[in-house]
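Per-entry structural report
Each chain, letter by letter, is given below.
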Amino acid sequence: MYFGLQTGWISMMSLQSSLLGFALFKPFQRGLKHKFGPIENVVLQTTAVATATMPLAAGFVGVIPAMELMTPNDNPRGAVVLNCGQLILWSLAVAFFGVFFAIPLRKQTIIREKLRFPSGTATAQMISLLHEQPDPTATTVRQRVRTGGGERQRLLDDQDSSSYASTRSSDESVREVAAPKEDFERVWALKLRGLFASFSISSLYTLSTYFFPIINALPIFNWLTFNMIDFQAWEWYFTPSFSYIGQGIIMGLPTTLSMLLGCVVGWGILSPLAHHAGWAPGPVDDWKDGSKGWILWISLGVMIAESCVSLLVVLMRAIVKTCGHQQVRQEEEQTVVEQDEVDEPPEEQVPHIVTILGLILSTLSCIYLVNVVFGPDVLPKTMTLLAVAVAMFLSILGVRALGETDLNPVSGIGKISQVFFAGVMPGSILANLIAGGIAEAGAQQAGDLMQDLKTGHLLGASPKAQFYGQMIGSFASVFIASGAYLLYRTVYTIPGPEFPVPTAQVWLDMSRLVNGHPLPPHVSEFVYAFALLFTVFVLLKELYPSKTRLIPQGIAFAIGMYNPPNFTLARVIGGLAVYYWNKACDAPSDNNVSWIEPYRSVAGKVFIVVIASGFVLGEGTFAIVNMTMRALNVPHF
């Protein structure tokens, strides 16, 4: 919620959930009746991710604040501010149907087509490393050996979960990479030390920002030019946030550089151009008349172009395969799947009747609860049913895009739904926001679960247990996320200086656009130009993937454009940090500085992920402390 309200960017944090869960359970392993092994770790991170991503799935960082920004010109009753009960009912309405969308897609995308789902695969590798198991992706033939007459151990068997090793492939190509126990304990001690150190540093910084707010906005560009140029007036200042650095580490250098390019183009070129040309005459940071709102339309055009073209490519691929244009290749791949891929036994999978009944009941509850929260005149029941159907179709495309590219284009999916419902129900901005929020929720929930199911499949976890974990996490977060949003809304002004909620303005402006509101002066030419440019970029990446690594990522470019520079600069530092750390890990020992040597050679590339986790967790945790002190009016400078 904290990071989403600031920047609109929410990470699944599955790697961090796995790491933190392991750190919490490891000291108690001897006292546990059922040992905390790899498959238990899978279910833990599935539940954690389902809980943590509800702010995006339920629209707390986009759709809900957008409703609160509406004017009487947008909606006859003006802004719509939901109370606690209404927020909970809305969250219940959108929390579950996306989960049931994902279950039928598992066999096709994970078992038959073996889509990679990069984040899910990386999480499986992290869990294997934590539990001293071989890399689950290193096998050429994945056979889950059934012991004792053919039954794989259950998730909560009476045996020690470490017997998972007995179900690994017997293929000779699998190398045992687990270190001796004493070496593993040394490695883990280094990682834990790094986690505590980074958590402490980030926590102290976050706490200090309450008492000394100036350190949140350092005018370093003014200092560099001896105040000859007032960069701060153009939103150019630096926020030395360790959590932003940690997020940059998690994103990686290519993504953060794309964000930096969007930042430079938007805030360094287009913003001054629009202001001095008189196209955005208001204050720079004004959403309505300032250049901040003017360049937002260009970032919106980039997001829509990137998402729509990517989804279209995924759709065309699916159609080509379905029509049999690759029949020979498909038959060969199917033979490999039948020989190599062994799915979980039927009793470990979600029964078809549960999926069907769950989809029906969750759809009906969505229709009923949306009607209760907003009234029958805003979004009729038939339109709500249509919104769920559209969400289902777009979720299929989103899941396929996620499996192939590691990007779930939920923002673009929401925008596509907005365009569709502007044609079906023209003139109603509130209904447009609700329908878009339903589509985004379905795609988000389905994508999160599919990444987790990929992790579980690689490690042999029970899909049924993961399904239960997802449902428990989603249900719990209905109340947790609603309460957290109410706290932030009560203590802070949203949107405001601390939490600008940029995605809320994106949602509202998109609804206004598709319902006939005019664009700001001369912005349409730039919107079309940038949309066309990134359409070409997506197609070039598709046709020449090995030769287009320097082409920027459209979504990251757009985020760098609609977020002020201070949200981007620290993330670029994180991207550079992970790049040079990985480079140092690949270099010979004699080329490295002595003080980093034990961490480089012993903890390896995973160590930088541990540091990033501590940075993000530190600020996220102590943000609650700051919010409490602000609510109690604790004095500060």
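- By the naming in an unreviewed UniProt entry, the protein chain goes by Oligopeptide transporter and is assigned to Rhizopus azygosporus.
- If you open the UniProt record of the protein chain and go to Subcellular location (unreviewed entry), you find "Membrane".
- The record in UniProt for the protein chain states the following under Sequence similarities (unreviewed entry): "Belongs to the oligopeptide OPT transporter family."

1. Here's the deal with the overall build of the protein chain
- Looking only at helices and strands, the protein chain features 25 helices and zero strands.
- Counting every position in the protein chain, which comprises 637 residues, the buried fraction comes to 54%.
- Taking the contacts inside the protein chain whose residues are at least 6 apart along the sequence as the reference set, 81% of them involve residues at least 24 apart.
- As displayed, the protein chain has an accessible area near 27,300 Å², and 65% of this comes from carbon and sulfur atoms.

2. Focus on the packing of helix α17 (residues 410–424) against helix α20 (residues 502–514)
- Put simply, α17 and α20 touch, their axes get as near as 9 Å, and they point 30° apart. Considering the angle they form, α17 stands roughly parallel to α20. Judged by the twist between their axes, the crossing of α17 over α20 is right-handed. Taken together, the residues of α20 that come into contact with α17 (itself represented by G414, K415, Q418, V419 and A422) are V506, W507, M510, S511 and V514.
- In the contact of α17 with α20, the residues fall into six nonpolar, three polar and one charged.

3. Describing the environment of Y205
- Tracing the chain through its elements places Y205 in helix α9 (residues 181–211).
- When near neighbours in sequence (up to four residues on either side) are disregarded, Y205 contacts I215, N216, T239, P240, S241, F242 and E619.

4. Looking at the packing of helix α2 (residues 14–25) against helix α8 (residues 118–130)
- Closest axis-to-axis distance for the α2/α8 pair is 9 Å, and the angle between their directions is 20°. Relative to α8, the element α2 is oriented roughly parallel. Considering only the axes of α2 and α8, their crossing is right-handed. Contact residues: α2 offers S14, L15, S18, L19 and F22, while α8 offers S119, A122, T123, M126, I127 and L130.
- Of the residues contributing to the contact of α2 with α8, the split by class is seven nonpolar, four polar and no charged.

5. Brief notes about the confidence of the model for the protein chain
- With 86% of its residues at a pLDDT of at least 70, the protein chain reaches an overall mean of 82.
- Element-level pLDDT for the protein chain is lowest in helix α14 (residues 327–340), with a mean of 48, against a maximum mean of 95 in helix α6 (residues 84–94).
- Scored below 50 in pLDDT, residues 140–179 makes 85 contacts in the model with residues more than four places away or belonging to other chains.
- Contacts of residues 332–340 to residues separated by more than four positions or lying in other chains number ten contacts, the stretch itself having pLDDT below 50.

6. Observations regarding the nonpolar core
- M67, F374, I434, I438 and Y488 are the most contacted members of the largest nonpolar core, which totals 92 residues.
- Ranked by residue count, the leading element in this core is helix α18 (residues 429–459), at 14 residues.
- Beyond its immediate sequence surroundings of up to four residues, Y488 is in contact with M1, Y2, L5, I494, F499, A623 and M627.
- Listed in part, the 49 residues of the second largest apolar core include W267, A280, F557 and I608.

7. A look at the side chain of Q444
- Summarising the element assignment, Q444 is placed in helix α18.
- A relative accessible area of 7% places Q444 in the buried class.
- If we ignore the near neighbours within four places in the chain, the residues touching Q444 are T53, L56, A57, N408 and V410.

8. A closer look at the pattern of salt bridges
- Evaluation of the coordinates by the stated rule reveals four salt bridges.
- Each of D74, D509 and R512 takes part in one network of salt bridges that share partners.

9. A look at the packing of aromatic side chains
- Under the definition given, this model contains 28 aromatic pairs.
- Pairing F221 with F231 gives two aromatic rings, centres 5.9 Å apart and planes at 45°, and the pair type is tilted. Of this pair, F221 sits in helix α10 (residues 220–224) while F231 sits in the loop between α10 and α11 (242–251), placing them ten residues apart in sequence.
- Residue classification places F231 among the partly exposed positions, given a relative accessible area of 24%.
- Pairing Y579 with Y580 gives two aromatic rings, centres 5.1 Å apart and planes at 80°, and the pair type is edge-to-face.
- Since its relative accessible area comes to 38%, Y579 is described here as partly exposed.
- Connected via pairs of aromatic rings, a cluster forms that spans Y2, F3, Y488, Y492 and F499.
- In this structure, K415 packs its charged tip against the face of W507, placed 4.1 Å from the ring centre.
- Sitting above the plane of the Y244 ring, R571 keeps its charged end 4.4 Å from the centroid.

What counts, and at which threshold
What you see as residue numbers is a count from 1 along each chain, following the sequence as written. Whole-chain, interface and lining totals are the exception, using all residues; otherwise, since this is a predicted model, local features are given only for residues with pLDDT of at least 70 and side-chain atom pairs are given and counted only at 80 or more. No hydrogens and no water enter the side-chain calculation; it runs on all heavy atoms of the structure. UniProt positions are given in the numbering used here, feature names are shortened, and annotations may be inferred rather than shown by experiment. Helix and strand definitions follow DSSP, with helices as H or I runs of at least four residues and strands as E runs of at least two, each counted in order from the N terminus. Note on exposure labels: buried denotes an accessible area under 20% of the residue type's maximum, exposed denotes more than 50%, and partly exposed covers the range between, all computed with a 1.4 Å probe on protein chains only. A contact between two residues is defined here by any heavy atoms of the two lying within 4.5 Å. Accessible areas in this description were obtained via Shrake-Rupley with a 1.4 Å probe; residue shielding takes into account the shown protein chains only. Note on geometry: axes are C-alpha line fits, over the in-contact stretch for helices, and angles between N-to-C directions span 0 to 180 degrees. Should an angle fall under 35 degrees it is taken as roughly parallel, and over 145 as roughly antiparallel, whereas 65 to 115 is taken as roughly perpendicular and any remaining angle as oblique. Throughout, a crossing is termed right-handed when the near helix is turned clockwise from the far one, and left-handed when it is turned anticlockwise from it by less than a right angle. For this scheme, ten residues count as nonpolar: Ala, Val, Leu, Ile, Met, Phe, Trp, Tyr, Cys and Pro. Four count as charged, namely Asp, Glu, Lys and Arg, and the remainder, Gly too, count as polar. Confidence of the prediction at every residue is given by pLDDT, a number between 0 and 100. Buried residues of nine kinds, namely Ala, Val, Leu, Ile, Met, Phe, Trp, Tyr and Cys, make up a nonpolar core once their side-chain atoms join them within 4.5 Å. We define a salt bridge as a side-chain nitrogen of Lys or Arg found within 4 Å of a carboxyl oxygen belonging to Asp or Glu. Pairs were defined over the aromatic rings of Phe, Tyr and Trp, the Trp ring being its six-membered one, requiring ring centres within 6.5 Å. Orientation was assigned from the angle between planes: stacked under 30 degrees, edge-to-face over 60, tilted for the rest. Two limits define a charge over a ring: the Lys NZ or Arg CZ must be within 6 Å of the ring centre, and within 35 degrees of the ring normal.

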